[in-house]
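Chain and residue survey
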Amino acid sequence: MPPPIHWPDAGRRDLFDTWLAPLVAVHGLRPESLKPASADASFRRYFRIDAAQGPLIVMDAPPPQEDVRPFVHVAGLIDAAGLHAPRVLACDATHGFLLLSDLGTTLYLDALRDDAEADRLMREALRALVHWQAQVPADTLPPYDRALLARELALFPEWCVQREFGLQWDATQQACWDRICETLIDSALAQPTVAVHRDWMPRNLMVADPNPGILDFQDAVRGPVTYDVASMLRDAFISWDEERELDWAVRYWEQAKRAGVPLGETLGHDFGEFWRALEWMGLQRHLKVLGIFSRLKHRDGKARYAEDLPRFFHYATRVAHRYAPLRPLIGLLEPMSGPLVARGMTF
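Residues numbered from 1 in each chain as written. Predicted model: local features only at pLDDT ≥ 70, side-chain atom pairs only at ≥ 80, totals over all residues. Heavy atoms only, no water.

1. As for the overall build of the protein
Within the protein, the secondary structure is distributed over 13 helices and 9 strands. Here the protein has a C-alpha radius of gyration of 21 Å; the compact-globule value for 347 residues is 20 Å, and the two agree. Seen along its three principal axes, the alpha-carbon backbone of the protein occupies a region of about 65 × 50 × 40 Å. Taken across its 347 residues, the protein has 52% of its residues classed as buried. Here the contacts in the protein between residues at least 6 apart in sequence split such that 69% fall between residues at least 24 apart. Roughly 15400 Å² of accessible area belongs to the protein as shown, and the carbon and sulfur atoms make up 53% of that amount. The averaged location of the 47 negative side-chain charges in the protein is 1 Å from the averaged location of its 38 positive side-chain charges. (Helix = DSSP H or I, 4+ residues; strand = E, 2+ residues; numbered from the N terminus. Rg over C-alpha atoms; globule rule 2.2 N^0.38 Å. Buried < 20%, exposed > 50% of the residue type's maximum accessible area, 1.4 Å probe, protein only. Contact = heavy atoms within 4.5 Å. Areas by Shrake-Rupley, 256 points an atom, 1.4 Å probe, with all protein chains shown as cover. Lys, Arg positive; Asp, Glu negative; His and termini not counted. Charge placed at Lys NZ, Arg CZ, Asp CG, Glu CD.)

The following block contains the structure:
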C-alpha cells in the first residue's frame, strides 16, 4: 500500500475526502491506492489513483493560491481542437479539486535523452504546436500585454540580481535594463497573436497516443506567435546545438505557413526575421525564468531550480552577443554569469 498523502492541515484533507467519496462508485476508484504522481513549481499537487478503467489523476490546487477554472476552460478548448490533454472527469472549482484522465508516466524530457528518438519526438511536438496555434481559439484567453511582459521581466532584477547574487544596479545600469526591456516588449507586441501555452516544453509534454499529451496549460494567454516555439527549442532542462534548433524551427515555420498560423507579412516571408523574433522572445522568457527559478529558491525553498541558472545565462548571453541592440545586456549579465560567450554574429 502506498504511504499516506501528507496534507497541510486536517481541514484540507476533510474537504478532499468529502469530494472524493461520491466519485468512488461513479468511476470505480480505489481510494487506498492514492499516491503522489508529481508536483510542480506552483502550489498544485498531482496524485494517481487506481480506477475501474485504469489509473486516473487527481489535481489538488488549494485556493486562494490556485484557481482551477482556467485549467478547465483551456482543457475544453484543447479537446475541441482535437489535441490530446487530460479530460476533466470531475471538478470542484470552489475547493480546487479535479479528477482527470491519465496521460501516462513517460515525460518528453526523459524520452528526449535518447538521441535516437529526439528528432522524431521534437517534430511531433512542433507539429502538435502548429495544430494548437491553428485550431485553439485565442479570443477567450487573457492578453499577453505590455503590463504582463513587463511584470515578468521585473522578476529578474528583483530575485536573480538582488536576491540570488546580492547586487544593486546603479542609475546607468538601471537605464540600460529599462531600454532592453522596452526593446524586447516592443518586439513581442509586434508579432501576430495566437493561443500561447506559455510552457510548451519537454517537462509539460507526455509521450502518449496520440502524441504528445499536453499538460500544465492553465496559464495560456493570447500572445506572440514565437513564444511557444522558443520555449520548446530552448528548454529549462535540456539544450540542443544550434544546427538542430534551426532545423526544427524551419520545419515548424514551413508547417505553420501551410496550416494558416498567423505569422504576418514579415515573419511569414523571411525566416531570418522569424528567427530573430523567436530569439528575442526567448530572451524575454529566459530572463523571466532566471527570476522565477531564483524566487523558487529564496521564497519557496525549492533550491533545485537554481541549479539550472547557468543554462539560462548561456541562452541569454548568446542572444545578446548576436544582436547589436541587445549587446548592452552583456554588461549586466557578466557580473553574475562570467564571460560565457566570446563572440557572436552581429545583426
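What follows continues from the structure just given.
2. A word on the packing of aromatic side chains
Under the criterion given, the structure shown has 23 aromatic pairs. On the numbers, 6.2 Å between centres and 25 degrees between planes, the contact of Phe271 with Trp275 is stacked. Taken together, the residues Phe271 and Trp275, both in helix H11 (residues 271-298) and 4 residues apart, mark about one turn of the helix. Given a relative accessible area of 17%, Phe271 falls into the buried group. When its relative accessible area of 8% is taken as the criterion, Trp275 is described as buried. Stacked on the ring of Trp7, the Lys or Arg Arg45 has its end atom at 5.0 Å from the ring centre. (Phe/Tyr/Trp six-rings, centres within 6.5 Å; stacked < 30°, edge-to-face > 60°. Lys NZ or Arg CZ within 6 Å of the ring centre and 35° of its normal.)

3. A look at the confidence of the model for the protein
Mean pLDDT over the protein: 95, with 97% of residues reaching 70 or higher. For residues 342-347, every residue scores under 50 in pLDDT, and the model assigns this stretch 14 contacts once sequence neighbours within four places are set aside. (pLDDT = per-residue confidence, 0-100.)

4. A short note on the environment of Lys288
On the secondary structure map, Lys288 appears in helix H11. The class of Lys288 is buried, set by a relative accessible area of 5%. Between the C-alpha atom of Lys288 and that of Phe156, which follows or precedes it by 132 residues, the distance is 5.8 Å. Beyond its immediate stretch of four places on either side in the chain, Lys288 contacts Tyr144, Glu152, Leu155 and Tyr227. A distance of 2.7 Å separates the side chain of Lys288 from the side chain of Tyr227, its partner in a polar contact. (Polar contact = N/O pair within 3.5 Å; in protein donor to acceptor, adjacent residues only side chain to side chain.)

5. Quick word on the pairing of strand E2 (residues 45-50)
Where E2 meets strand E3 (residues 56-60), 5 bridges bridge the pair, whose relative direction is antiparallel. Considered in E3, the bridge of Tyr46 is made with Met59. Counting the residues that bridge the hairpin from E2 to E3 gives 5 residues, and of these Gly54 lies at a positive phi of roughly 120 degrees. (Pairing = 2+ DSSP bridges.)

6. Some remarks on the pairing of strand E5 (residues 97-101)
Burial of E5 is extensive: 5 of the 5 residues sit out of reach of the surface. Looking at chain direction, E3 and E5 are connected through 5 bridges and run antiparallel. Looking across to E5, one finds that Val58 is bridged to Leu99. Inspection of the sheet shows strand E4 (residues 88-92) paired to E5 by 4 bridges, in the antiparallel sense. If you follow Asp92 over to E5, its bridge partner there is Phe97. Connecting E4 to the next strand, E5, in antiparallel fashion are 4 residues, including Gly96 with a positive phi near 80 degrees.

7. Focus: the pattern of salt bridges
Opposite charge on two side chains permits them to pair, given that their charged atoms come into close proximity. Within this structure, the stated rule accounts for 29 salt bridges. Linking Asp60 and Arg12 is a salt bridge whose minimum nitrogen-to-oxygen distance equals 2.6 Å. Of the two residues, Asp60 is situated in strand E3 and Arg12 in helix H1 (residues 10-20); the sequence distance between them amounts to 48 residues. The class of Asp60 is buried, set by a relative accessible area of 2%. We classify Arg12 as buried; its relative accessible area is 9%. Because the salt bridges share partners, they merge into one network encompassing Arg234, Glu242, Glu245, Glu279, Arg318 and Arg322. (Salt bridge = Lys/Arg side-chain N within 4 Å of Asp/Glu carboxyl O.)

8. A closer look at the nonpolar core
Here is a general trend for soluble globular proteins: nonpolar side chains tend to be buried in one another's company. Of all hydrophobic cores here, the largest spans 102 residues; its most connected members are Trp132, Phe156, Tyr252 and Leu287. Looking at this core element by element, the count peaks at 13 residues for H11. With residues near it in sequence (within four places) discarded, Phe156 still touches Val161, Trp169, Trp177, Leu287, Leu290, Gly291, Phe313, Leu333 and Met336. Counting 16 residues, the second largest nonpolar core, distinct from the first, contains Trp19, Leu56, Val58 and Leu99. (Core = buried A, V, L, I, M, F, W, Y, C linked by side-chain atoms within 4.5 Å.)

9. A look at helix H6 (residues 146-164)
With 19 residues, H6 extends 26 Å between its outermost C-alpha atoms, agreeing within 8% with the 27 Å of an ideal straight helix rising 1.5 Å per residue. Along H6, the positions that sit buried rather than exposed are Leu148, Leu149, Glu152, Leu153, Leu155, Phe156, Pro157, Trp159, Cys160 and Val161. Gly166, located one to two residues past H6, shows a positive phi value of around 65 degrees. (Expected span 1.5 Å × (residues − 1).)

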